[in-house]
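This is what each chain is made of:
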Amino acid sequence: MKRLIQSNLIKILVLFAALALAVFFLCKATDKMGTGQQAESLKQLDSSIRKAVVTCYATEGVYPPSIDYLKENYGIQIDEERFMVFYEVQGSNLMPNITVMESQTIPSEEEE
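Residues numbered from 1 in each chain as written. Predicted model: local features only at pLDDT ≥ 70, side-chain atom pairs only at ≥ 80, totals over all residues. Heavy atoms only, no water.

**Q** Please explain the overall build of the chain as it appears in this structure.
**A** Each helix and strand in the chain was counted, giving two helices and two strands. In the chain, the order of α-helices and β-strands from amino to carboxyl end is α-α-β-β. Considering only contacts in the chain between residues 6 or more positions apart, those separated by 24 or more positions represent 42%. Split by element, the accessible area of the chain, about 9000 Å² in all, is 59% carbon and sulfur. (Helix = DSSP H or I, 4+ residues; strand = E, 2+ residues; numbered from the N terminus. Contact = heavy atoms within 4.5 Å. Areas by Shrake-Rupley, 256 points an atom, 1.4 Å probe, with all protein chains shown as cover.)

Structure, rendered in structure tokens:
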């Protein structure tokens, strides 16, 4: 009888450990998926901005003067809580420098 109880206890502990490992690996996989999605969103935003810039140049003969111009006239939407866009104009006939980065929130003193 004592052996049966010990055997069942061991089975329960092994099952619990296996379940805990499964939950751990599931959490890790979900985290990696989120990171991959964020990178893909960044790449899509960069691509959309560049396509809009080229489209503007093709239709108007000049590159857009600002990112706001692209927002107003070419439907570019930027989630400014998630991304920062640096748009540096070098001239009306030169492709602007475009850099898209993830926003990194810096905790304020009140949050610490």
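**Q** When you look at the nonpolar core in this model, what are you seeing that I'm missing?
**A** Most often, soluble globular proteins have nonpolar side chains that are buried together. One finds Ile49, Val53 and Leu70 to be the most contacted residues of the largest nonpolar core, which totals 13 residues. When residues of this core are traced back to their parent elements, those giving at least two are helix 1 (2-60), helix 2 (67-74), strand 1 (83-88) and strand 2 (97-102). Top element by residues in this core is helix 1. It accounts for four residues. Other than its neighbours up to four places away in sequence, isoleucine 49 contacts Ile67, Leu70, Ile76, Ile78, Val85, Ile98 and Val100. (Core = buried A, V, L, I, M, F, W, Y, C linked by side-chain atoms within 4.5 Å. Buried < 20%, exposed > 50% of the residue type's maximum accessible area, 1.4 Å probe, protein only.)

**Q** Whenever I open this one, the packing of aromatic side chains confuses me. Can you help?
**A** Per the stated rule, a full pass over the model turns up two aromatic pairs. Centre to centre, the rings of tyrosine 57 and tyrosine 63 are 4.2 Å apart; their planes meet at 15 degrees, and the pair counts as stacked. (Phe/Tyr/Trp six-rings, centres within 6.5 Å; stacked < 30°, edge-to-face > 60°.)

**Q** Just checking my understanding: could you explain helix 2 for this structure?
**A** Residue pairs three or four apart in sequence face the same way in an α-helix, which turns once every 3.6 residues. Of the residues that open helix 2, the one with a side-chain oxygen 3.4 Å from the backbone nitrogen of aspartate 68 is serine 66. A positive backbone phi angle near 70 degrees is found at glycine 75, which sits one or two residues after helix 2. (Polar contact = N/O pair within 3.5 Å; in protein donor to acceptor, adjacent residues only side chain to side chain.)

**Q** Quick question: what am I supposed to make of the environment of valine 54 here?
**A** Relative to the helices and strands, valine 54 is located in helix 1. Assessed through its relative accessible area of 46%, valine 54 is described here as partly exposed. Separated by 41 residues in the primary sequence, valine 54 and methionine 95 have C-alpha atoms spaced 8.3 Å apart.

**Q** Looking at this structure, I do not really get the environment of cysteine 56. What am I missing?
**A** Mapped onto the elements, cysteine 56 comes out in helix 1. Through-space distance from the C-alpha of cysteine 56 to that of asparagine 73 is 9.0 Å; in sequence the pair is 17 residues apart. Non-local contacts of cysteine 56, meaning those with residues more than four positions away in its chain, are made with Gly61, Val62, Tyr63, Pro64, Tyr69 and Tyr74.

**Q** In this structure, what is going on with the pattern of salt bridges? I would like to understand it.
**A** In a structure, side chains of opposite charge can pair up when their charged atoms sit close to one another. On inspection of all chains with the given rule, the structure shows three salt bridges. We note a salt bridge from aspartate 46 to arginine 50, for which the minimum N-O separation is 3.0 Å. Of this pair, aspartate 46 and arginine 50 both sit in helix 1, four residues apart, roughly one helical turn. We classify arginine 50 as partly exposed; its relative accessible area is 30%. Among the ionic pairs, aspartate 68 bridges to lysine 71, the shortest N-O distance being 3.8 Å. Here aspartate 68 and its partner lysine 71 are both found in helix 2, three residues apart, which amounts to about one turn of the helix. Here the residues in one salt-bridge network are Asp68, Lys71 and Glu80, joined through shared partners. (Salt bridge = Lys/Arg side-chain N within 4 Å of Asp/Glu carboxyl O.)

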